[in-house]
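Tertiary structure, described
What follows is each chain in one-letter form.
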Amino acid sequence: MVATTGWDYIIAGGGLAGCALASRLREYQPSARILVVEAGPDVSGDTDILHFSAMNFIGGKYDWGYKTVPQKGYDGRQIDIPSGRALGGGSVINVCGWIRGSREDYDSWAEIVGDQRWSYDGQLPYFKKTERWYANSESHGQDGKFQIESPISMNRIYPLASIVEQSWKEFGVRKLPGLDFNAGTNIGFGEVNENRSQGARQIAPLAYPLNSDNITVMTDTIVGSILVESGDSGNKAIGIRLGDGTEIHAREVIVAAGAYRTPHLLMLSGLGPKETLEKHGIEVKADIPDVGKNFNDHVMVHLNWKLKDPSKGYALGSSNPILAESRFRTGTPLSYLANTQMPRPLLEAAIAEDEGQVDPNHYLLKRQWAMTENMVMYLGIPPVETDGAHISTVLMGLKPTSRGTVTIASSNAADDPVLDPNYLATEVDKAVWRHSLRQIAAFMTGDTTLGRDVVECETPLPGFERLTVEASDEYLDRKVKTHGTSTFHGSGTCAMGKVVDTDLRVKGVQNLRIVDASVFPIAIGAHIQAAVYALAEQAAVIITEGKGV
């Protein structure tokens, strides 16, 4: 059993952020005693997780296995929400996509919270600290924690890659300088990047070592609540209570349990919306109405496309001997990402329907935004087999305006959080998807090299006709309701400016901070892994500077 007193920091949650934060705090404060408490096991020695089979981990032994409440926007379907249940959190089960987002994402974040440390330029040094980039670039780090790879850097040149590149050019989507999606500009097409090393997954506790005399890690241990002491000077966090009732005290508690379990833990501790706490018989320590609000996630849609001539060997599952080479068994089977915009008149019309008017200073109109991420993958997606006769597209909505909630089911820490992303609740989100589906149909089957020479048509799910550019709004809405899933990018549920200040301190509670994706005040227009690591890097500096070290 670990000591129950004498800790400088207790970090509740050993995921991406928790591991990075603990490792950096030890580096910056060598004498600090740090305890990391993680609900899942230590999987650092499990070699089965290292290579490309990431989608097989969804619902696997290292996944919390959450489901949403029935989603009105998805015709009542409940959606799987994978979340890593292991030391390393999502880094154990994710697809390893490494995509920062745009300068505009972070500049709008800084504007909303009134602190330039969270702008793109403010966070750039921390992005660089995470990276060992595969090429020399002023935009990237060369000696950071993660090897970053691309298909070209790994000589993984797929047979269809040049045709996909040519087709995006023909479609009017610009090629980003250096094909770099991670240099602040993300409207256009560029190479996919992954935090893999020779194709192998890099999990957080190995990239950010925790093997130090000053760091103790408790795995397979649930944190039941945060100990909050109330007095004349207000509320103060003094430690944690484990699921078995054991109390452990520390000078500061840092919650890094992720966008789902962080608000869950706060509410179990009496920190959250008063009405929710009273409903479940939890003593109200601090009425913080925005805990669990602002939940946002990226909607994802997969589509399969039948090839005109499978014998050309463009897709995995074909007899093409090139695709049997070992280099093609590492990394995700695609070459490029293409981020596209929404025509302003369509966007303004959707905003007007949602809000009754169009403010030129509206968040989505003040800056230029990529609204949809488009990927062409060189294999079919279930229910289609990897048969060599299909490729697929994966679309992700980047700037959703729908917002949902995370709350508690009871006062019992063993009960899962209640997740309601509230997908497709706004006309903006619906309009973006209508435009995006028509756009991908034009790209895949229209006047591009792909459309002329490679792709015959969509292979739809039962009950659907093939997707075309002439599809009706009703058809497109039904397609998203039926096909839509989560991209597993939940964030915003303890948003900066609402629940925490810009030093990540929970408002109204001393000695308590949050360091994870729950503090994002906006929907980051990208896969969020890189942003979480940069957040943790900056958090370690902020916390250390606050100690005068």
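In short, a report on the structure. The shown structure was predicted, so the numbers you read here are calculated from the model rather than taken from an experiment.

The rules behind the values
Residues numbered from 1 in each chain as written. Predicted model: local features only at pLDDT ≥ 70, side-chain atom pairs only at ≥ 80, totals over all residues. Heavy atoms only, no water. Pairing = 2+ DSSP bridges. Helix = DSSP H or I, 4+ residues; strand = E, 2+ residues; numbered from the N terminus. Salt bridge = Lys/Arg side-chain N within 4 Å of Asp/Glu carboxyl O. Buried < 20%, exposed > 50% of the residue type's maximum accessible area, 1.4 Å probe, protein only. Contact = heavy atoms within 4.5 Å. Core = buried A, V, L, I, M, F, W, Y, C linked by side-chain atoms within 4.5 Å.

Look at any regular strand and the pattern is simple: side chains alternate between the two faces of the sheet. As defined by bridge partners, strand β11 (residues 223–231) adjoins strand β12 (residues 234–242) across 8 bridges and the pair is classed as antiparallel. Residue pairing in the sheet places S230 in a bridge with N235 of β12. With antiparallel pairing between neighbouring strands as the criterion, β11 and β12 make up a hairpin whose turn holds 2 residues.

Once that is clear, we can look at the pattern of salt bridges. For the structure on display, the rule yields 31 salt bridges. Where R513 meets E252, a salt bridge forms, and the shortest distance between an N and an O atom there is 2.4 Å. A residue pair is termed long-range when its members are at least 10 positions apart, and R513 in strand β25 (residues 512–514) and E252 in strand β13 (residues 247–255) qualify at 261 residues. Between K285 and E283 there is a salt bridge, with the nearest N and O atoms lying 3.8 Å from each other. Judged by relative accessible area, E283 falls into the exposed class, the value being 57%. Through salt bridges with shared partners, a single ionic network connects D115, R117, D501, D503 and R505.

We now examine the pairing of strand β18 (residues 372–377). Most of β18 is tucked away: 6 of the 6 residues are buried. In this sheet, β18 lies alongside strand β17 (residues 334–340) in antiparallel orientation, the contact comprising 5 bridges. The residue of β18 that forms the bridge with A338 is N374. Alignment of β18 against strand β19 (residues 390–397), held across 6 bridges, turns out to be antiparallel. Across the sheet, the residue bridging to N374 is L395, located in β19.

Attention shifts here to the side chain of S83. Mapped onto the secondary structure, S83 falls in the loop between β4 (80–81) and α2 (103–113). When its relative accessible area of 18% is taken as the criterion, S83 is described as buried. Setting aside residues up to four positions removed in sequence, S83 forms contacts with Y62, D63, W64, Y66, I93 and Y260.

Most often, soluble globular proteins have nonpolar side chains that are buried together. By size, the foremost hydrophobic cluster in this structure holds 155 residues, and its most contacted members are W109, L467 and F520. Broken down by element, this core gets its largest block of residues, 12 residues, from helix α13 (residues 529–546). In contact with W109, not counting residues within four places along its chain, are W118, Q123, M496, F520, P521, I522, I524 and L535. Among the nonpolar cores identified, the runner-up in size contains 11 residues, and L347, A350, W369 and V428 belong to it.

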